[in-house]
Amino acid sequence: MWIEIGHFAAIIAFLLAITQSSAAVVGITLARPAWVRVSGRAALAVLALLTLAAGTLVAAFLTHDFSVRYVAEHASLELPVFYLATALWGGHEGSLLLWAWLLALFNAVTVWRHWSTHARSMPWILAILGGLLAGFLTLILFLSSPFDRLNPAPANGRDLNPLLQDPGMVFHPPFLYMGYVGFAIPYAFAMAALITGQADEDWILATRRWTLFAWITLTIGIVFGAYWAYYELGWGGYWAWDPVENASFMPWLTATAFLHSVMVQERRGLFKTWNLFLIITTFSLSLLGTFLVRSGVLSSVHAFASDPGRGVYILVFMAILLFFSFGVLVFRSDLLRTTIHLESPLSKESAFLFNNLLLVVAALTVLLGTLYPLAVETLSDAKVSVGAPYYNKVFIPIMLGILLLMGIGPLMPWRRATPTRLRRDFPLPILLGATGLLLAAWQQVGHPYGLATAALICFVVGTHGLDLWRGVQARLAIGSPATDAQRLTPLTALRQLLLRHKRRYGGMLVHLGVVVMSAGFIGSGLFQQEVDLPLSPGDSVKLGDWTVTLTAMGEVARQNWTAVEAVLQAERNGQTITLRPQKRSYGKRTQPTTEAAIHTTWREDLYVVLGDSTRENTWHFRIYRNPLVAWLWWGTGLMVGGVAFAMLQGRRPVKGEAA
Amino acid sequence: MKALWQVALLLTITAILVLFALGLHNDPHAIPSPLLNRPATDFAAPDLDGQPLRLSEHRGKWVLVNFWGSWCVSCVAEHPYLLELAKKTRNRTDFVILGVDFKDTLEGARQFLARHGNPGYRHAFDPGQKIAIDWGVYGAPESYLVDPGGVIRLKQTGPLYPGWFERVALPLIQAAPTPGGTP
Amino acid sequence: MRTAHTVRAMLAALLWLAIPVDAAQRDEDPSEAVVRTIARELRCAVCQNQSVYESNSDLAKDMLVIIRDKVQAGETAAAIRDYFFQRYGDYIYLEPTGTGKNRILWWAPWLGLLLGLIGLWTALARWRRSPSTPDGTEPAVTAEVKHRIQKELERIEV
């Protein structure tokens with residue numbers, strides 16, 4: 001009965017979403033504020049109803065209600081409670097409901113926070129967000145309903161896919177969707193700005209925090225996915241350039257470009273059309289991700305069950321959205337005409353332009369690599385695959401270019417960089433970069449990409465450190481405004497500097513996080529070492545500094561799985577650790593899953609995978625040394641910290657803030 | 001100049017959408033076979049009773065090589081047609097059916113045939129799927145039609161279906177004159 | 001709790017299996033590195049986005065066995081890759097070949113970058129030449145005033 005209530009609530013929410021959209025349009029065109037207010041209330045009601053709907057589904061999971069088809073397909077009596085709650089987004093229907101709920105949530109928050117400050121744009125924002133919600137709810141209610149019943153109800157469910165029974169997979173979808181859906185808000189503001197004709201900086205300032213929020217949650221979502229792949233899939237890596245992984249990466253790239261170029265519009269009023277184009281593209285790419293996963297057009301390890309019916313609907317939905325958005329952009333672009341004047345190609349503005357160029361080319365490259373196989377297959381008889389080797393060859397050089405620009409950016413002044421200033425600022429970081437290069441060469445990093453990354457990491461740290469140093473120096477020179485007599489200590493100056501310019505230094509922390517992650521990418525990408533061999537109990541093998549010995553084989557069991565487990569001792573420099581890789585069989589599923597045993601240190605991960613037994617008392621093992629993998633996760637942590645810090649800064653620029 | 005960019009943008013979007021629309025009809029799992037019109041690789045393996053079986057023994061006849069396994073659900077759906085086809089073509093001297101049971105156990109294969117019916121032709125036993133890989137097979141069921149000269153003329157990815165022989169195979173067989181065939 | 005006890009008991013019982021009878025320092029078979037390189041370049045045909053080396057599927061494992069046998073028989077990497085290419089086509093290579101239609105994949109990024117750079121350079125040149133507004137004069141003031149007007153409008157409207 002509860003599920004029917006949830007279903008009913010979703011239907012009402014769908015009707016209210018349509019109401020939200022149409023009432024807003026009527027209200028603004030006929031100049032009736034009351035209708036706009038109705039629209040706003042509808043937004044809040046939609047959230048309440050969808051929360052109820054999702055709640056009934058969660059309740060169905062927690063009470064093992066297998067008469068609900070979705071529950072029967074993704075849960076079982078043996079599934080631990082933690083995963084029961086998260087099985088909600090384990091399948092296509094439930095994850096779409098999560099998408100819609102997040103959209104309703106952000107919709108309501110937008111109404112709550114921006115109602116009084118953006119009255120003229122609000123009707124259009126409501127119309128667009130309402131339309132998006134209606135579109136998703138149509139898909140959910142008519143083509144992918146999680147509320148269907150099964151008659152007769154089975155005694156036990158099919159259980160959640162064992163690969164998804166992992167903490168990483170619990171957090172990956174929500175964060176990823178918060179990112180995707182988060183971009184809907186700046187998108188709606190941008191479209192409203194275009195429609196009302198007020199496409200100046202205002203929409204950017206209003207949505208600055210939304211953009212940061214969406215960007216960082218998208219980043220976290222992508223990294224959780226990589227984390228899950230590393231820990232759960234057991235192939236020793238974390239990124240396969242799978243079409244669905246690419247689908248999440250493309251909006252991230254254009255969003256990063258957007259984050260940077262809006263700074264130019266805020267400060268100089270430039271690139272208005274370009275910024276609008278970027279946010280529309282970013283949100284469109286987020287929806288493209290939805291399409292790719294659910295339509296069955298591309299197959300990947302991620303794909304949900306393919307269903308052309310859904311595919312057709314999402315395609316039509318996307319077509320409407322794309323033509324509408326870009327159409328409005330094209331037809332209203334004349335009102336955005338400004339005479340752009342850039343004083344010098346050596347300036348922060350043009351550094352951002354080059355940053356944008358590289359990021360957009362990178363995104364287009366990923367798009368090409370992802371769509372090319374589809375094009376070949378559709379337009380000819382052949383079938384090609386574009387895998388990791390292609391992306392590594394083409395993509396990495398572009399990323400190195402972006403890394404370089406990331407280093408140049410902080411020290412590049414606005415408007416014009418004089419030669420004197422360049423001579424003053426850059427020699428030290430360049431020297432540091434060269435030192436990094438030599439150090440890497442001495443450490444026998446042979447690969448040019450490795451050398452380049454090492455040099456660039458040092459260069460970037462150099463420029464950022466120098467910028468911070470200069471800031472502190474400047475503050476010490478100015479002295480404290482409160483009392484001239486009081487001398488500032490460098491530490492106090494630093495503290496004041498950071499607190500006054502949270503955006504700037506939050507951004508620098510993010511850059512530092514990127515640098516740490518780059519080190520992780522190069523370390524684990526270029527320097528991975530592995531052995532693949534059969535072992536019997538008592539055998540040992542050497543890998544790098546480690547001596548790994550198989551001591552025993554055994555069996556383990558838990559709530560809903562049994563496993564064959566190997567016990568290995570790994571010894572390095574007198575320190576010994578125990579590793580227990582497993583091959584698990586979950587009762588309902590026939591294919592066993594491998595659980596890699598991973599020992600993480602700051603230097604490297606020791607990663608052991610248990611294979612098949614080919615002979616009596618002998619099992620195959622794959623043992624990897626993955627250097628610097630932990631730096632990936634720490635780098636992400638730094639990025640999160642940086643964004644959180646930047647988001648603390650309020651809207652008004654602090655008095656006396658230097659550019 | 002600006003108009004050029006706008007047109008390019010809208011054209012690109014249209015192209016991508018059209019591509020997706022066409023792509024919806026693709027099967028992302030199907031791989032086109034490069035083995036068509038190339039000589040078939042011979043295989044030699046024991047059959048399910050342990051007797052040696054070679055493909056080249058049947059040179060001079062049309063051979064339908066059907067790859068299957070007792071683990072394969074679609075093979076259950078295909079099996080009635082194979083039974084019917086075997087009965088229909090039993091008296092033909094120019095056509096023979098061979099099965100290749102891959103990635104399977106002898107026990108599993110025997111149980112499958114016992115439960116769903118034994119069509120009467122021989123099956124090569126390929127537990128390590130070496131023959132299957134040698135023939136570019138990646139799923140089951142898949143079937144190849146080999147002509148009397150040993151050249152692969154046709155591949156069917158997925159189950160064979162009622163009417164396949166009359167509509168697809170017979171035209172090929174009748175087009176090429178073979179000695180001793182029943183027209 | 002009981003599960004933990006059972007597990008410990010089972011492990012203890014099974015530990016006697018661990019008495020090293022023929023224990024030795026093992027090394028990876030030297031040909032394994034070659035096998036790995038080749039297997040990483042080939043795509044697992046059924047899982048469809050993993051290399052043969054990485055995939056856990058049965059087909060990938062059996063392909064790996066075949067690769068191993070061939071390497072140990074002395075076949076070259078090119079010959080082994082070609083063996084699979086002959087049977088599965090272009091699709092089996094993870095890295096698209098640089099021939100025919102595929103060339104667009106390899107050229108497009110650099111072409112795009114070049115076009116972008118040229119476009120950017122000409123745009124920069126054009127923007128430098130365009131008439132500049134000295135700081136603090138009309139346009140800036142107008143924008144600020146416009147902004148204020150809009151803010152007042154918004155306060156009135158709802």
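Quantities reported herein were computed from a predicted structural model and do not represent experimental measurements.

### Topic: the overall build of chain A
Thinking step 1. The number of helices and strands found in chain A is 20 helices and 10 strands.
Thinking step 2. For chain A, the C-alpha radius of gyration of 27 Å lies close to 26 Å, the compact-globule estimate for 659 residues.
Thinking step 3. With respect to the principal axes defined by its C-alpha atoms, chain A has extents near 80 × 65 × 60 Å.
Thinking step 4. Put simply, chain A has 659 residues, and 61% of those count as buried.
Thinking step 5. Sequence separation of at least 24 residues holds for 73% of the intrachain contacts in chain A that already meet a minimum separation of 6.
Thinking step 6. As displayed, chain A has an accessible area near 25100 Å², and 65% of this comes from carbon and sulfur atoms.

### Section: the nonpolar core
Thinking step 1. Judged by nonpolar contacts, the single largest core of 207 residues is most densely connected at W215 of chain A together with I67 and F84 of chain C.
Thinking step 2. A total of 17 residues in this core trace back to one element, the largest contributor, which is helix α13 (residues 348-379) of chain A.
Thinking step 3. Filtering out sequence-adjacent residues up to four positions away, I67 of chain C remains in contact with V35, I38, A39, L42, V52, I80 and F84 of chain C.

### Quick look at the pattern of salt bridges
Thinking step 1. Applying the stated criterion across every chain yields a total of 41 salt bridges over all chains.
Thinking step 2. The shortest N-O distance in the salt bridge between R503 of chain A and E266 of chain A comes to 3.1 Å. A residue pair is termed long-range when its members are at least 10 positions apart, and R503 of chain A in helix α19 (residues 502-526) and E266 of chain A in helix α10 (residues 243-268) qualify at 237 residues.
Thinking step 3. The salt bridge partner of D147 of chain B is R153 of chain B, with a shortest N-O separation of 3.1 Å.
Thinking step 4. According to the relative accessible area criterion, D147 of chain B is buried, its value standing at 11%.
Thinking step 5. Within this structure, R421, R424, D425 and R470 of chain A form a network of salt bridges that share partners.

### Let's talk about the sheet that holds strand β8 (residues 597-600) of chain A
Residues and elements named next belong to chain A.
Thinking step 1. Strands sit in the order β1-β10-β9-β8 across an open sheet of 4 strands; the sheet is antiparallel. At either end of the open sheet lies a strand with only one pairing partner, and these are β1 (529-535) and β8. Direction aside, the axes of adjacent strands within the sheet are offset by 15 degrees on average.
Thinking step 2. Sheet topology note: the β1/strand β10 (residues 619-627) ladder contains 7 bridges and is antiparallel. By the bridge assignment, L533 is partnered in β10 with F621.
Thinking step 3. On top of the sheet, helix α9 (residues 202-233) reaches β8, β9 (604-610) and β10; it is set at about 125 degrees to β8, its chief contact.

### Remarks on the interface of chain A and chain C
Thinking step 1. Taken together, the contacts link 74 residues of chain A with 63 residues of chain C.
Thinking step 2. Contact between chain A and chain C buries roughly 6100 Å² in total, counting both sides, with carbon and sulfur atoms accounting for 59%.
Thinking step 3. On inspection of chain A and its partner chain C, the count reaches 6 salt bridges.
Thinking step 4. In this structure, K61 of chain C engages D612 of chain A in a salt bridge whose closest nitrogen and oxygen atoms are separated by 3.3 Å.
Thinking step 5. For the pair chain A and chain C, the number of links is 19 residue pairs in polar contact (both at pLDDT 80 or more).
Thinking step 6. Looking at the side of chain A that touches chain C, the elements with two or more residues in it are α9, α13, α14 (388-408), β1, β2 (540-543), β3 (546-557) and β10 of chain A.
Thinking step 7. Per element, the largest residue contribution to the side of chain A that touches chain C is 10 residues, and it comes from α13 of chain A.
Thinking step 8. Grouping the amino acids of the side of chain A that touches chain C by side-chain chemistry returns 36 nonpolar, 20 polar and 18 charged.

### A short note on the sheet that holds strand β4 (residues 95-102) of chain B
All names here are of chain B.
Thinking step 1. Across the sheet, which stays open at both edges, the 5 strands sit in the order β5-β4-β3-β6-β7 with mixed pairing between neighbours. Lying at the two open borders of the sheet, with one neighbouring strand each, are β5 (123-126) and β7 (152-157). Ignoring which end each strand starts from, the neighbouring axes of this sheet average 20 degrees apart.
Thinking step 2. Examined bridge by bridge, strand β3 (residues 62-68) and β4 share 7 bridges and lie parallel to one another. When the sheet's bridge partners are listed, N66 is paired in β4 with G99.
Thinking step 3. Sitting on the sheet, helix α2 (residues 73-88) touches β3, β4 and β6 (142-146), and the angle it makes with β3 is about 155 degrees.

### Re unusual backbone geometry
Thinking step 1. Cis rather than trans, the peptide bond between N151 of chain A and P152 of chain A has omega equal to 5 degrees.
Thinking step 2. Structurally, P152 of chain A is set in the loop between α6 (122-143) and α7 (167-182).
Thinking step 3. Between A140 of chain B and P141 of chain B the backbone carries a cis peptide bond, its omega angle lying at -5 degrees.
Thinking step 4. With respect to the secondary-structure elements, P141 of chain B resides in the loop between α4 (130-134) and β6.
Thinking step 5. The phi dihedral of A31 of chain A is positive, around 55 degrees, even though this residue is not glycine.
Thinking step 6. Here A31 of chain A shows up in the loop between α1 (2-29) and α2 (33-62).
Thinking step 7. Residues other than glycine seldom take positive phi values, yet Q129 of chain B does so here, at roughly 50 degrees.
Thinking step 8. Within the secondary structure layout, Q129 of chain B lies in the loop between β5 and α4.
Thinking step 9. Since its relative accessible area comes to 4%, Q129 of chain B is described here as buried.

### Examining α13 of chain A
Residue and element names in this part refer to chain A.
Thinking step 1. End to end, α13 covers 44 Å across 32 residues, agreeing with the expected 46 Å (1.5 Å per residue, within 8%).
Thinking step 2. The largest bend in α13 amounts to roughly 35 degrees and is located at L371, with the proline P373 lying one to four residues further along.
Thinking step 3. Taken across its 32 residues, α13 has 28 buried, putting it largely inside the fold.

### Topic: the side chain of E232 of chain A
Thinking step 1. Mapping E232 of chain A onto the fold places it in helix α9.
Thinking step 2. R584 of chain A is the oppositely charged side chain nearest to the buried, salt-bridge-free E232 of chain A, at an N-O distance of 6.1 Å.

### Considerations on the packing of aromatic side chains
Residues and elements named next belong to chain A.
Thinking step 1. Counted under the stated rule, the structure contains 47 aromatic pairs over all chains.
Thinking step 2. Both rings, one in F277 and one in F326, keep their centres 5.8 Å apart while their planes meet at 50 degrees; by these two values the pair is tilted. Taken together, the positions of F277 in helix α11 (residues 272-295) and F326 in helix α12 (residues 308-332) put the pair 49 residues apart, joining distant regions of the chain.
Thinking step 3. Measuring from ring centre to ring centre gives 6.1 Å for F352 and W414, while their planes differ by 85 degrees; the resulting arrangement is edge-to-face. Here W414 lies in the loop between α14 and α15 (419-425) and F352 lies in helix α13, a separation of 62 residues in the sequence. One exposure class covers both F352 and W414, and it is buried.

### Considering a nonpolar patch on the surface
Thinking step 1. Among the surface-exposed residues, M1, W2, I5 and L52 of chain A lie close enough to one another that they form a single nonpolar patch of about 430 Å² accessible area.
Thinking step 2. Looking at where M1 of chain A falls in the secondary structure, it is placed in the segment before α1.

### Observations regarding the confidence of the model for chain A
All names here are of chain A.
Thinking step 1. Considering every residue of chain A, the mean pLDDT works out to 88; 94% of them sit at 70 or more.
Thinking step 2. Model confidence for chain A, summarised as mean pLDDT per element, is weakest for helix α4 (residues 81-86) at 81 and strongest for helix α20 (residues 629-647) at 95.
Thinking step 3. Confidence over residues 654-659 falls short of pLDDT 50; this stretch has 9 contacts with residues more than four positions distant or in other chains.

Calculation rules
Numbering of residues starts from 1 in every chain and runs along the sequence as written. To read the labels, note that chains go from A and ligands from 1, taken in the order they are written. Local features in this predicted model are restricted to residues whose pLDDT is 70 or higher, and side-chain atom pairs enter the listing and the counts only when it is 80 or higher, whereas totals over whole chains, interfaces and linings include all residues. Based on all heavy atoms of the structure, the side-chain values leave hydrogens and waters out of the count. Each helix is a run of H or I in the DSSP string that is no shorter than four residues. Each strand is a run of E no shorter than two, and both are numbered from the N terminus. Here the globule rule reads 2.2 Å times residues to the power 0.38, and the radius of gyration is calculated from C-alpha atoms. The classification of residues rests on relative accessible area computed with a 1.4 Å probe and restricted to protein chains. Under 20% of the type maximum is buried, over 50% is exposed, and intermediate values are partly exposed. We call two residues in contact when some of their heavy atoms are within 4.5 Å. What sets the accessible areas is the Shrake-Rupley method with a 1.4 Å probe; for residues, cover comes only from the shown protein chains. In these notes, a set of buried Ala, Val, Leu, Ile, Met, Phe, Trp, Tyr and Cys residues joined through side-chain atoms within 4.5 Å is what counts as a nonpolar core. Any Lys or Arg side-chain nitrogen found within 4 Å of a carboxyl oxygen on Asp or Glu counts as a salt bridge. The pairing criterion is simple: DSSP has to find at least two bridges between the two strands. Axis geometry follows a simple rule: fit a line to the C-alpha atoms, using only the stretch in contact for helices, then measure angles between N-to-C directions, giving values from 0 to 180 degrees. Here's the idea: put two parts together, see how much 1.4 Å probe accessible area each one loses, and the total over both is what we call buried area. Polar contacts, as used here, are pairs of N or O atoms within 3.5 Å; protein pairs need one atom able to donate a hydrogen and one able to accept it. Residues neighboring in sequence count only if both atoms are side-chain atoms. Gly is put with the polar residues, along with every residue not named as nonpolar or charged; the nonpolar set is Ala, Val, Leu, Ile, Met, Phe, Trp, Tyr, Cys and Pro, and the charged set is Asp, Glu, Lys and Arg. Residue count minus one, scaled by 1.5 Å, sets the expected span of a helix. Two axes define the bend at a residue: one fitted to the seven residues ending there, one fitted to the seven starting there, and the bend is the angle between them. Positive: Lys, Arg. Negative: Asp, Glu. His and the chain ends are not part of the count. Think of it this way: a Phe, Tyr or Trp ring, Trp meaning its six-membered ring, pairs with another when their centres are within 6.5 Å, and the plane angle makes it stacked under 30 degrees, edge-to-face over 60, tilted otherwise. Residues qualify for a patch when their relative accessible area is over 30% and they have no salt bridge, like charges being joined within 9 Å and the nonpolar side chains of Val, Leu, Ile, Met, Phe, Trp and Tyr within 5 Å. The predictor rates its confidence in each residue with pLDDT, a number between 0 and 100.

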